[in-house]
Amino acid sequence: MADAPTPISAPGGSSPARPDAPMPRPVIELRRIVKTYATGDLEVHALQGVDVVVDPGDFVAIIGASGSGKSTLMNIIGCLDVPTSGRFFLDGVNVQHLDDNQLSKVRNKKIGFIFQSFNLIPRTTALANVELPLAYAGVRRKERRTRAQEALEAVGLSDRGHHMPSELSGGQQQRVAVARALVTSPALLLADEPTGNLDTHSTRDVMQLFAELNQQGRTVVLITHEDEVAGCAKRVIQLRDGRVMSDERHAPVIGPAPILVRGLAEVG
Ligand code: ADP
Ligand code: MG
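Caption draft 1: How the structure looks around the overall build of the chain. The number of helices and strands found in the chain is eight helices and ten strands. The buried share among the 268 residues of the chain stands at 40%. Expressed as a percentage of contacts within the chain between residues at least 6 apart in sequence, the contacts between residues at least 24 apart total 71%.

Caption draft 2: Focus on the sheet that holds strand 8 (residues 220-223). The strand order across the open sheet built from six strands is 6-7-8-3-9-10, with neighbouring strands paired in mixed fashion. With one partner strand each, in any of the chains shown, strand 6 (111-114) and strand 10 (243-249) form the two edges of the open sheet. Looking at each pair of strands side by side, their axes are set apart by 15° on average, direction ignored. Across six bridges, the pairing between strand 9 (residues 235-240) and strand 10 is antiparallel.

Caption draft 3: Here's a closer look at the environment of Asp-55. Tracing the sequence through the fold places Asp-55 in the loop between strand 2 (42-54) and strand 3 (59-63). We classify Asp-55 as partly exposed; it has 14 C-beta atoms within 10 Å. The spacing of Asp-55 and Val-27 is 28 residues in sequence and 5.4 Å in space, taken between C-alpha atoms. When sequence neighbours within four positions are dropped, the list of residues in contact with Asp-55 reads Pro-24, Pro-26 and Val-27.

Caption draft 4: The site of ligand 1, seen in detail. Surveying the vicinity of ligand 1 reveals the residues Tyr-37, Thr-39, Val-44, Ala-46, Gly-64, Ser-66, Gly-67, Ser-68, Gly-69, Lys-70, Ser-71 and Thr-72. For the shell around ligand 1, the secondary structure elements donating two or more residues are strand 1 (28-39), strand 2 and helix 1 (70-77). Of the residues belonging to the shell around ligand 1, the class tally is three nonpolar, eight polar and one charged.

Caption draft 5: Here's a closer look at the sheet that holds strand 4 (residues 85-90). Within the open sheet, the four strands sit side by side as 2-1-4-5. Their pairing is antiparallel. Looking at strand neighbours, the two that pair on one side only are strand 2 and strand 5 (93-94), the edges of this open sheet. With two bridges joining them, strand 4 and strand 5 adopt antiparallel strand pairing. Bridge assignment links Leu-90 to a residue of strand 5, and that residue is Val-93.

Caption draft 6: Examining the pairing of strand 6 more closely. Side chains Ile-111 and Phe-113 of strand 6 all project onto a buried face; the interleaved residues Gly-112 and Ile-114 project onto the opposite face, where all are buried too. In terms of strand pairing, strand 6 meets strand 7 (residues 188-192) through four bridges, oriented parallel. Bridge pairing in strand 7 places Ile-111 opposite Leu-188.

Caption draft 7: Summary view of the packing of helix 3 (residues 126-136) against helix 5 (residues 170-182). Two elements in contact, helix 3 and helix 5, have axes whose closest approach is 7 Å; the angle formed by their N-to-C orientations is 30°. On the basis of the axis angle, helix 3 is roughly parallel to helix 5. Here the hand of the crossing between helix 3 and helix 5 comes out right-handed. Contacts from Ala-126, Asn-129, Val-130, Leu-132 and Pro-133 in helix 3 reach Val-176, Ala-179 and Arg-180 in helix 5. Of the residues contributing to the contact of helix 3 with helix 5, the split by class is six nonpolar, one polar and one charged.

The rules behind each value
Residues numbered from 1 in each chain as written. Chains lettered and ligands numbered in written order. Predicted model: local features only at pLDDT ≥ 70, side-chain atom pairs only at ≥ 80, totals over all residues. Helix = DSSP H or I, 4+ residues; strand = E, 2+ residues; numbered from the N terminus. Buried ≥ 20, exposed ≤ 12 C-beta atoms within 10 Å, placed from the backbone. Contact = placed C-beta atoms within 7 Å. Pairing = 2+ DSSP bridges. Axes fitted to C-alpha atoms, helices over the stretch in contact; angles between N-to-C directions. Near = placed C-beta within 6 Å. Nonpolar A, V, L, I, M, F, W, Y, C, P; charged D, E, K, R; others polar. Parallel < 35°, antiparallel > 145°, perpendicular 65-115°, else oblique. Left-handed = near helix turned anticlockwise from the far one by under 90°.

Take it as geometry only, folks, not as evidence of what the structure does.
Structure representation (structure tokens):
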């Protein structure tokens, strides 16, 4: 599947570098992404040439009907699967040529994942859950504790660090999961149906948190099938049959939660 690398700029090319006007390095750069699943005799064309560029500081919702390719795209962006063809750069890294070991390192370093079902470890405190990615990254115990505490503060849960997930509401568990996602200061927060298991109140709560994190400069990409959730993003990309149907910016309908502003400012 590795196609031949193309030179970045042809000798004597017509677009010389302009050092006075540096372009922001995209967090996500997907070029002509195709994903085809072979199931027996059938080929399923899950993605049929997707081009998406996401710059730092953006807040993107990916929407689309069931089967439109959202999860497939999420898995590719999250380095959990590779495209059949096309190019994908994550925060400037061409992930196409990495082996599984290198991919998992890139994932750990560059992406904070948030899942529909929270995926917290039961019978383990909120604080220890948030510390986990730092342990994988080889951060020392004392620094782990400090940074996890700061991340919990950033999501408004500094007083819940010693609670078990089962002692927290769904909305609070998802906030712990968000803290775990941002504790490593990743280039990208990537969320798959983050409000899928939440009631209306907790959904608003978690979306306000994403809005706040984005306002603090974090890049957020989330997948949802709820229009109300998509409305919280600054940009909505709609998939249909594995293609980008529309890609539009609009004014988000939800603002950051004032209650969370103080703690967030303290997290680097
Ligand atoms: P969405 O998340 O928008 O519901 P998916 O990305 O899960 O869409 O699926 C897109 C298409 O690819 C669907 O037709 C689905 O049945 C198919 N598909 C997804 N994953 C696989 C797989 N592992 N093997 C075969 N087909 C798949
Ligand atoms: Mg899906």
